[in-house]
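Understanding the architecture of this molecule
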Amino acid sequence: DGGVMASKKAAEIGKRKKKMILLEDKKEIIRKHVGGMRLTDLAKEYGRSASTIGTILTMKEKITGRDAAKGVTRVSKQRPPVLEEVEKLLLLWIEQKQRAGDSVTKTIICEKGKALHADLLKQQPGTSADAEGFKASRGWFERFKTRSGIHSVVSHGEAASSDVAAAEEFATEFLEVMVS
């Protein structure tokens, strides 16, 4: 019977070790490896198996390309910075709406994206991207959802006009804060 208890304890210890590695730790592991630290030493330092560390290192591009704070992944360097800014602002806006218990539809998000894009261009004289360039198309929306990881968005139906008014108001206030 003592053997059963011991194996149960070992199983619990095994389970306990399977914790998620934070994004910041993954970035640190990559930095240390690039700096010359050996994989086996990294495995010891972080209390992980060499294969886990190896997996992190093979996913280097994916991990270092992430913007942990904003949740928007940089997919390509070709994307205009204005567009990245639009997506970051959109994410904050969507989170605010959801916290308030408002449903956000695809249509509203696309309209909001276009409005933010236009506002940002007005504030940045001489921006190379023209105002008509951003259509907030269905394809863009799907890629934005993938990049940002938002899922709880109502895909159909129109929201009340008060939602649109609130969106405009938030955009104005937020941009004022960003600029000052």
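Our structure is the block above this text.
Okay, so let's go over this structure. Please read all numbers here as calculations on a predicted model, not as lab measurements.

**Looking at helix α7 (residues 106-123)**
If you check α7, its first and last C-alpha atoms are 26 Å apart, about what 18 residues at 1.5 Å a residue would give, namely 26 Å. Of all the positions in α7, only K106, I108, I109, C110, K112, G113, A115, L116, H117, L120 and L121 are classed as buried.

**Things to note about the packing of helix α3 (residues 39-46) against helix α4 (residues 50-58)**
Where α3 contacts α4, the two axes come as close as 8 Å, and the packing angle between them is 110°. It follows from the interaxial angle that α3 and α4 lie roughly perpendicular. α3 and α4 meet at a crossing whose hand is right-handed. Taken together, the residues of α4 that come into contact with α3 (itself represented by L39, L42 and A43) are A50, I53, G54 and L57. The residue makeup of the contact of α3 with α4, split by class, is 6 nonpolar, 1 polar and no charged.

**What to know about the nonpolar core**
Of all hydrophobic cores here, the largest spans 21 residues; its most connected members are V86, L90, W93, I109, W140 and F144. Counting residues per element, the ones that place at least two in this core are α6 (81-99), α7 and α8 (138-148). No other element matches α6, which puts 8 residues into this core. The contacts of V86, once residues within four sequence positions are left out, are G113, L116, H117, L120 and F134. Counting residues in hydrophobic clusters, the runner-up holds 10 residues, among them A43, Y46, L57 and I63.

Conventions used here
- Residues numbered from 1 in each chain as written.
- Predicted model: local features only at pLDDT ≥ 70, side-chain atom pairs only at ≥ 80, totals over all residues.
- Heavy atoms only, no water.
- Helix = DSSP H or I, 4+ residues; strand = E, 2+ residues; numbered from the N terminus.
- Expected span 1.5 Å × (residues − 1).
- Buried < 20%, exposed > 50% of the residue type's maximum accessible area, 1.4 Å probe, protein only.
- Axes fitted to C-alpha atoms, helices over the stretch in contact; angles between N-to-C directions.
- Parallel < 35°, antiparallel > 145°, perpendicular 65-115°, else oblique.
- Left-handed = near helix turned anticlockwise from the far one by under 90°.
- Contact = heavy atoms within 4.5 Å.
- Nonpolar A, V, L, I, M, F, W, Y, C, P; charged D, E, K, R; others polar.
- Core = buried A, V, L, I, M, F, W, Y, C linked by side-chain atoms within 4.5 Å.

Note that every value here comes from positions in space, so none of it alone points to a role or purpose.
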